Amino acid sequence: MAEDQPAGAAAVERTGQRGPAHDELLQAVPAHASTVHGSQQLPLGTDASQQPSWKQYSSVFTASKAGMQNVDKEKVKRIVYEMSKDSAHFKNEQRKQAQVDARIAQLKERAASISHAELAAHKKAADAQLAQLEAGRDLSRTWLHADMDAFYASVEELDRPDLKSKPMAVGGMGMITTANYEARKFGVRSAMPGFIARKLCPQLAFVKPNFRKYEAAAAATREVFKVYDPHFEAGSLDEAYLDVTDYCAAQGMTGEQVRHPHVSM
């Protein structure tokens, strides 16, 4: 599912390739969508050994989703570390990180041994391949990527409007699938264990997942998508790829106007 994607963006791009598998389908989503893994980057001159353990820890639960702009990132990192540090999962992640760090060191050593002539040859070959790929691009089609943010939580709020003003997550103490915007203010987000989410937000309310309800809501959105592209591709319950070229031609609209209906024609 696309619950880990950021905020309800509908990205319009020009490409002749269909579906999410193609590199040409560039999604106009915020750069902050990236999830950060690996070792924390410390300021130059800082000795990592002098940092508290939780400061050296880089959590996968970044405050990078819509509605999390004002989250206390240091607090989230510290709590996630304290709640995770003695778990088998945490130790396994440490082992994997050690392997990644060793691989990075090997690659850096290998990179340092590459001569200027070898580097120039590799660059020339890459540029030639890039030019060949660029020449084959078909920019005659207009694509739209729809990604509905916090979909499960939004569906639950339709049934219970009172939840809109309360921190709420779909899931339970074991794992949550998504969180509404009120919960995100506390650093609660999708794919987070519920017991960590509750530590971040003690008043967090859990709603049991109801996939029949979400499937019905997804079916309703797909009826709308069909208006723009009868042959759209569903990436998940809350995500779709639409070729809106023919719709734009029939309506005398641009892709940008489909994405933002308020844009004057």
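As a reminder, the structure under discussion sits directly above these lines.
A. Highlighting the overall build of the protein chain. Per the secondary structure count, the protein chain includes ten helices and seven strands. Counting across all 265 residues of the protein chain, residues that qualify as buried make up 33%. Within the protein chain, contacts between residues separated by at least 24 positions form 60% of all contacts whose residues are at least 6 apart in sequence. Carbon and sulfur atoms form 54% of the exposed surface of the protein chain, whose accessible area is close to 15,800 Å².

B. Spotlight on helix H5 (residues 151-159). Restricting attention to buried positions, one finds in H5 the residues Phe151, Tyr152, Ala153, Val155, Glu156 and Glu157. Where H5 is buried, its residues meet strand E3 (168-171), strand E4 (176-179), strand E5 (205-207) and helix H8 (211-228).

C. Examining the sheet that holds E4 more closely. The sheet built from three strands is open, its strands ordered E4-E3-E5 with mixed pairing. Two strands bound the open sheet, and with one partner strand each, they are E4 and E5. Adjacent strand axes in the sheet meet at a mean angle of 30° when their direction is disregarded. The pairing of E3 with E4 spans three bridges and is classified as antiparallel. Bridge pairing in E4 links Ala169 to Ala179. Seen against the sheet, H5 touches E3, E4 and E5 and runs at an angle of roughly 110° to E3.

D. Seen up close, a nonpolar patch on the surface. A surface patch of nonpolar side chains, about 250 Å² in accessible area, is lined by Met83, Met173 and Phe195. Looking at the element boundaries, Phe195 is found in helix H7 (residues 194-200). By relative accessible area, which is 34% here, Phe195 ends up partly exposed.

E. Region of interest: the packing of aromatic side chains. Applying the stated criterion to the full structure yields seven aromatic pairs. Here the aromatic rings of Tyr81 and Phe90 are separated by 5.7 Å at their centres, their planes lie at 75°, and the arrangement is edge-to-face. Each member of the pair, Tyr81 together with Phe90, is buried. It is Arg184 that lies over the ring of Tyr181; its NZ or CZ is 5.1 Å from the centre.

F. Fine view of the nonpolar core. Counting residues in hydrophobic clusters, the biggest one holds 16 residues, and the most contacted among them are Ile176, Val188, Met192, Ala197, Leu200 and Leu204. Listing elements by their share of this core, those giving two or more residues are helix H2 (73-84), E4 and H7. Tyr152, Met168, Val170 and Ala217 belong to the second-largest nonpolar core, a separate cluster that totals twelve residues.

G. Just unusual backbone geometry, in detail. Not every positive phi belongs to a glycine, and Ala150 is a case in point at roughly 50°. Structurally, Ala150 can be placed in the loop between strand E2 (142-147) and H5. Residue class for Ala150 comes out buried when judged on its relative accessible area of 2%. Even without being glycine, Ala191 reaches a positive phi, approximately 65°. With respect to the helices, strands and loops of the structure, Ala191 is situated in the loop between helix H6 (181-184) and H7.

H. Molecular detail of the pairing of E2. Among the six residues that make up E2, six are buried, leaving the element largely enclosed by the rest of the structure. With burial as the criterion, each face of E2 is covered, one bearing Thr142, Leu144 and Ala146 and the other bearing Trp143, His145 and Asp147. Pairing between E2 and strand E7 (residues 239-243): five bridges, direction antiparallel. By the bridge assignment for E7, Leu144 is matched with Leu242.

I. Seen up close, the pairing of E7. Counting buried residues along E7, five of its five residues qualify, which places the element largely inside the surrounding structure. Two elements, strand E6 (residues 233-236) and E7, share three bridges in a ladder whose sense is antiparallel. Looking at the pairing, Ser236 lines up with Glu239 of E7. Hairpin connection, E6 to E7: the antiparallel pair is bridged by two residues.

Conventions adopted
Residues numbered from 1 in each chain as written. Predicted model: local features only at pLDDT ≥ 70, side-chain atom pairs only at ≥ 80, totals over all residues. Heavy atoms only, no water. Helix = DSSP H or I, 4+ residues; strand = E, 2+ residues; numbered from the N terminus. Buried < 20%, exposed > 50% of the residue type's maximum accessible area, 1.4 Å probe, protein only. Contact = heavy atoms within 4.5 Å. Areas by Shrake-Rupley, 256 points an atom, 1.4 Å probe, with all protein chains shown as cover. Pairing = 2+ DSSP bridges. Axes fitted to C-alpha atoms, helices over the stretch in contact; angles between N-to-C directions. Patch = residues over 30% accessible without salt bridge, like charges linked within 9 Å, V, L, I, M, F, W, Y side chains within 5 Å. Salt bridge = Lys/Arg side-chain N within 4 Å of Asp/Glu carboxyl O. Phe/Tyr/Trp six-rings, centres within 6.5 Å; stacked < 30°, edge-to-face > 60°. Lys NZ or Arg CZ within 6 Å of the ring centre and 35° of its normal. Core = buried A, V, L, I, M, F, W, Y, C linked by side-chain atoms within 4.5 Å.

These figures come from the coordinates and say nothing about function on their own.
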